[in-house]
Amino acid sequence: MQDLTLALVVGGGPAGSSCAWKLASAGVRCLLIDKAEFPRDKICGGVLSSRAAELLTNSGMISTAELDRLTEKTHRTLSLWNRDELLSTYTSDNHPIRIISRMGFDNFLLEKAASSGTEVITGETVVSIDSSIIRTSSGRSIRYSFLVGADGCNSFVRKTCFGRSGRKTGIGLECFLPLSEVNMSDGLHIHFRYLPYGYIWAFPGREKICIGAGVVGSKVSPPDVASALKGFLETRGISASKYVMKAASIPSLSLHKSMGAGQIFLAGDAAGLVDQVSGEGIGHAIESGFLIADAIISGGDRKTMLIRANKGCFGTVRQSEFYRHLLFSRLTVRLAMRKLKESETFSRAYWNLISGSQSYNNMFLRLLTRSG
Ligand SMILES: Cc1cc2nc3c(=O)[nH]c(=O)nc-3n(C[C@H](O)[C@H](O)[C@H](O)COP(=O)(O)OP(=O)(O)OC[C@H]3O[C@@H](n4cnc5c(N)ncnc54)[C@H](O)[C@@H]3O)c2cc1C
């Protein structure tokens with residue numbers, strides 16, 4: 001058995017890599033294990049909010065030039081739709097939203113973690129966790145001082161150490177089409193009301209456009225999500241059967257209140273840190289990874305970590321659990337659509353939310369005081 005005093009990070013997505021990078025950069029002995037061989041793909045719309053971009057560049061994990069190289073396209077324009085009726089098109093002067101390819105982006109972040117001194121093992125699955133020891137699919141046993149579960153929506157660490165992962169009714173389904181196949185104006189497109197508590201998106205990258213459908217905290221079944229997406233494509237003369245549809249679950253109403261306990265921490269999707277309106281999770285994964293690293297560096301200070309998380313990623317997701325009803329519930333959805341159509345204030349507010357430049361509480365207060 002390897003007998004090391006170390007921080008063991010399970011998962012090499014944005015949460016795990018950012019945590020490991022910060023730990024190793026501070027001189028903490030760190031080992032990261034991922035079951036996949038990298039580069040690996042991740043089902044995702046590829047939207048990187050400006051807040052997520054700033055977290056990466058302000059921390060020094062990656063430079064702006066490196067981020068620019070990873071960016072397929074930068075968007076400033078968002079069109080919001082009530083099914084197929086255009087409500088508004090908003091163009092932002094600041095806080096651009098980037099489209100990245102998860103394959104290259106996640107691989108780059110993992111390389112950054114490795115170059116900061118993290119030992120990285122890929123192609124091995126963590127299969128058991130007992131008091132301070134994990135075992136992997138190759139039979140390796142590793143003793144840890146701190147364990148970080150950054151192992152995604154179906155987190156093994158969370159299930160094993162804290163029981164079931166809460167409600168998991170969220171699902172996303174998407175396909176990538178050549179841009180030439182699609183007749184849509186440039187910019188990001190969000191179509192509400194094809195699905196309750198969810199939307200259909202179209203996010204253009206450099207050569208392809210990601211079109212997908214997602215719901216969180218909704219009773220809609222996966223086949224219903226698939227048929228909504230097929231209907232959307234077919235209305236636009238696109239044969240859905242020509243393209244590979246890939247689905248993945250999205251954490252839904254499953255925040256872990258303390259992001260773990262004792263020496264075990266949960267980051268990113270494993271902690272349920274996905275916005276329940278927009279489905280954004282990359283920025284929250286990175287932020288939680290950094291916060292957990294700081295807690296471990298300071299010897300396990302969970303209290304400060306939670307105070308900071310409440311002001312940041314954790315607070316945002318909790319607010320989104322509340323505000324999603326204003327946008328999606330049967331009682332308010334028509335009013336919300338009307339407001340988005342009538343006033344640019346509302347489409348700007350939506351942009352500010354998805355770019356991460358404004359919190360839900362701030363947005364709501366401003367809307368209340370402005371819209372009268
Ligand atoms: C359809 C869809 C579209 C989305 N679009 C967006 C978007 O446009 N923008 C956005 O911000 N967010 C989006 N999200 C959410 C985003 O993808 C996640 O929030 C984000 O990937 C979370 O990062 P993470 O590091 O926590 O987990 P992940 O990126 O899922 O990484 C977890 C890692 O853990 C590894 N792992 C799992 N189990 C084990 C184990 N037992 N042992 C070892 N390794 C293990 C996996 O191989 C994986 O590499 C989308 C999600 C879906 C489903």
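So, a few notes on the structure that sits alongside this text. Since we're looking at a predicted model, the values are computed, not measured.

Quick word on the sheet that holds strand β7 (residues 97-100)
- The strand order across the open sheet formed by three strands is β3-β7-β4, and the pairing between neighbours is antiparallel. Each edge of the open sheet is held by one strand with a lone partner, namely β3 (47-48) and β4 (71-75).
- Where β4 and β7 come together, four bridges link them in antiparallel fashion. Residue pairing in the sheet places T74 in a bridge with R98 of β7.

Quick notes on the pattern of salt bridges
- This structure, assessed with the given rule, holds 15 salt bridges.
- Here R140 and E124 are joined by a salt bridge, their closest N and O atoms 2.8 Å apart. Taken together, the residues span a long stretch of sequence, with R140 in the loop between β10 (133-136) and β11 (141-143) and E124 in the loop between β8 (119-122) and β9 (126-130) at a distance of 16 residues.
- In this structure R140 comes out as partly exposed when scored by relative accessible area, which is 30%.
- Three or more residues joined by partner-sharing salt bridges are found here, namely K22, D294 and R308.

With respect to the site of the ligand
- Around the ligand lies a shell of 38 residues, among which D34, R40, G45, R102 and D269 are the nearest.
- One nitrogen or oxygen atom from the side chain of D34 is found 2.6 Å from an oxygen atom belonging to the ligand.
- Residue V47 places a main-chain N or O atom 2.9 Å away from a nitrogen atom belonging to the ligand.
- Broken down by secondary-structure element, the contributors of at least two residues to the shell around the ligand are α1 (14-25), β2 (30-34), β13 (170-178), β17 (246-250) and α7 (282-297).
- Of the residues forming the shell around the ligand, the biggest block, three residues, is contributed by β17.
- Among the residues making up the shell around the ligand, the classes are represented as 16 nonpolar, 12 polar and 10 charged.

A word on the sheet that holds strand β18 (residues 260-261)
- Strand order across the open sheet formed by six strands is β8-β2-β1-β12-β19-β18, with mixed pairing between neighbours. With one partner strand each, in any of the chains shown, β8 and β18 form the two edges of the open sheet.
- Sheet topology places strand β12 (residues 146-149) next to strand β19 (residues 264-266); three bridges connect them, and they run parallel. What sits directly across from L147, in β19, is I264.
- α1 contacts β1 (7-10), β2 and β12 of the sheet and is inclined by roughly 165° relative to β2.

So, how was this worked out
- Residues numbered from 1 in each chain as written.
- Predicted model: local features only at pLDDT ≥ 70, side-chain atom pairs only at ≥ 80, totals over all residues.
- Heavy atoms only, no water.
- Pairing = 2+ DSSP bridges.
- Helix = DSSP H or I, 4+ residues; strand = E, 2+ residues; numbered from the N terminus.
- Salt bridge = Lys/Arg side-chain N within 4 Å of Asp/Glu carboxyl O.
- Buried < 20%, exposed > 50% of the residue type's maximum accessible area, 1.4 Å probe, protein only.
- Near = heavy atom within 4 Å.
- Polar contact = N/O pair within 3.5 Å; in protein donor to acceptor, adjacent residues only side chain to side chain.
- Nonpolar A, V, L, I, M, F, W, Y, C, P; charged D, E, K, R; others polar.
- Contact = heavy atoms within 4.5 Å.
- Axes fitted to C-alpha atoms, helices over the stretch in contact; angles between N-to-C directions.

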